[in-house]
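# A look at the structure
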Amino acid sequence: MKHLVIRPWLATLLLPLLLAGCATPVPMCDAPASRNLDTAMSSVKSSLTNGCEAHYDRLFKDLLVTAEGDPKAENKRLFSEFLLWSTDEGLLSKRQAEEYYNRYFNVKFISLRSDYNNCSHTCPNKRKVLLDMERELSDKEQGLLKVSLDNDGYYRADRLYHEVELVLEATCTACSASR
């Protein structure tokens, strides 16, 4: 049996070609090119099922920006269906999908969890809680106002934010007085 001898200079030329042939293609996880929300959602679904799962959050935000170009009440339903699809595909848990929807399209704040005692948990972290709520209010502005034209919903969320701010201030003052 004869042995194949490859000269070092030839190996240097052939190795990159061989490696390129064995490489797995890298998925394109770019923002959807279409300004039409249905088309953009189809494009994102394709990306997410073809290796771009790690880019879910960014692609979701890209869809919100696309929807801003044609804001309408129906967009809430389209995003709800997209999130249900994401759950069916195993990209998100049911709870994660609910949090995405509530963060952008519901008056309810996910930043203010009700499963903690205000005096022991919320008050020591009051500044962070209010900052998180403020960021979420900005997301609600995008989802409720800019994407789905739900002015009433956004202004209810804004009012709720300011009410929580006042109630939290009073509650934390009472908590510190009782120590």
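Rules of the game
All residue numbers refer to position in the chain's written sequence, counted from 1. Since the coordinates come from a predicted model, pLDDT governs what is reported: local features require at least 70, and pairs of side-chain atoms require 80 or more to be given and counted, while whole-chain, interface and lining totals use all residues. Heavy atoms throughout the structure, all of them, feed into the side-chain values; hydrogens and water do not. Put simply, DSSP marks the helices as runs of H or I at least four residues long and the strands as runs of E at least two long, and each gets a number from the N terminus on. Expected helix span is taken as 1.5 Å per residue step, with the number of steps being one fewer than the number of residues. Classification of residues uses two cut-offs on accessible area relative to the type maximum, computed with a 1.4 Å probe and protein chains only: under 20% is buried, over 50% is exposed, and between them is partly exposed. We call two residues in contact whenever any of their non-hydrogen atoms come within 4.5 Å of each other. Salt-bridge detection follows one rule: a side-chain nitrogen of Lys or Arg within 4 Å of a carboxyl oxygen of Asp or Glu. By definition, disulfides here are pairs of cysteine sulfur atoms that lie within 2.5 Å. Whenever a nitrogen or oxygen atom comes within 3.5 Å of another N or O atom, the pair is scored as a polar contact, on the condition that within protein one atom can donate a hydrogen and the other can accept it, and that pairs from neighbouring residues in sequence are kept only if both atoms are in side chains. Interaxial angle, 0 to 180 degrees, is taken between N-to-C directions of lines fitted to C-alpha atoms, where a helix line uses only the stretch in contact. Should an angle fall under 35 degrees it is called roughly parallel, over 145 degrees roughly antiparallel, and 65 to 115 degrees roughly perpendicular, with every other angle called oblique. Helix crossings get a hand from a simple test, with the near helix turned counterclockwise from the far one by less than a right angle marking a left-handed crossing and a clockwise turn marking a right-handed one. All amino acids are sorted into three groups, where Ala, Val, Leu, Ile, Met, Phe, Trp, Tyr, Cys and Pro are nonpolar, Asp, Glu, Lys and Arg are charged, and the leftover types, Gly among them, are polar.

### Regarding helix 7 (residues 126-147)
- For helix 7, built from 22 residues, the straight-helix expectation of 32 Å at 1.5 Å per residue is met to within 8% by its first-to-last C-alpha distance of 30 Å.
- Every buried residue of helix 7 is listed here: V129, L130, M133, E136, L137, D139, K140, Q142, G143, L144, L145 and V147.
- Residues of helix 7 that are buried make contact with helix 3 (56-68), helix 4 (74-88), helix 5 (94-105), helix 6 (118-122) and helix 8 (151-177).
- Looking one or two places after helix 7, you find L149, whose phi comes out positive at around 55°.

### Topic: the pattern of salt bridges
- Under the definition given, this model contains 13 salt bridges.
- Linking D62 and R58 is a salt bridge whose minimum nitrogen-to-oxygen distance equals 3.3 Å. Residue D62 and its partner R58 are located together in helix 3, separated by four residues, close to a single helical turn.
- A relative accessible area of 34% means that R58 is categorised as partly exposed.

### Focus on unusual backbone geometry
- Despite not being glycine, L149 has its phi angle at roughly 55°, a positive value.
- Structurally, L149 is set in the loop between helix 7 and helix 8.

### Quick word on the state of the cysteines
- Under the definition given, this model contains three disulfides.
- There is a disulfide in this structure between C119 and C175, and the S-S distance comes to 1.7 Å. Disulfide C119 to C175: torsion about the S-S bond roughly -70°, handedness left-handed. Of this pair, C119 sits in helix 6 while C175 sits in helix 8, and the two are 56 residues apart along the sequence.
- Here C119 falls in the partly exposed class, since its relative accessible area comes to 29%.
- Covalently, C123 is tied to C172 through a disulfide, its sulfur atoms 2.1 Å apart. Taking the sign of the S-S torsion, -95° for the link of C123 and C172, the bridge is left-handed. Pair noted here: C123 is in the loop between helix 6 and helix 7 and C172 is in helix 8, with a separation of 49 residues, a long-range link.

### With respect to the side chain of T66
- Here T66 shows up in helix 3.
- The contact partners of T66, leaving out residues within four places of it in the chain, are P32, S34, R35, N36, L37 and A40.

### Some remarks on the environment of N36
- With respect to the helices and strands, N36 occurs in the loop between helix 1 (8-22) and helix 2 (37-49).
- In this structure, the C-alpha to C-alpha distance between N36 and D70, residues 34 residues apart in sequence, is 8.0 Å.
- A polar contact is formed between the side chain of N36 and the backbone nitrogen of D38, at a distance of 3.0 Å.
- Within polar-contact distance, the side chain of N36 engages the backbone nitrogen of T39 at 2.9 Å.

### Here we look at the packing of helix 3 against helix 4
- Contact geometry of helix 3 with helix 4 gives a least axis separation of 11 Å together with a crossing angle of 160°. What the angle tells us is that helix 3 and helix 4 run roughly antiparallel. The way helix 3 lies across helix 4 gives a crossing that is right-handed. Contacts between helix 3 and helix 4 pair Y56, F60, L63, L64 and A67 from the former with N75, F79, F82, L83 and S86 from the latter.
- Looking at side-chain class alone, the contact of helix 3 with helix 4 contains eight nonpolar, two polar and no charged residues.

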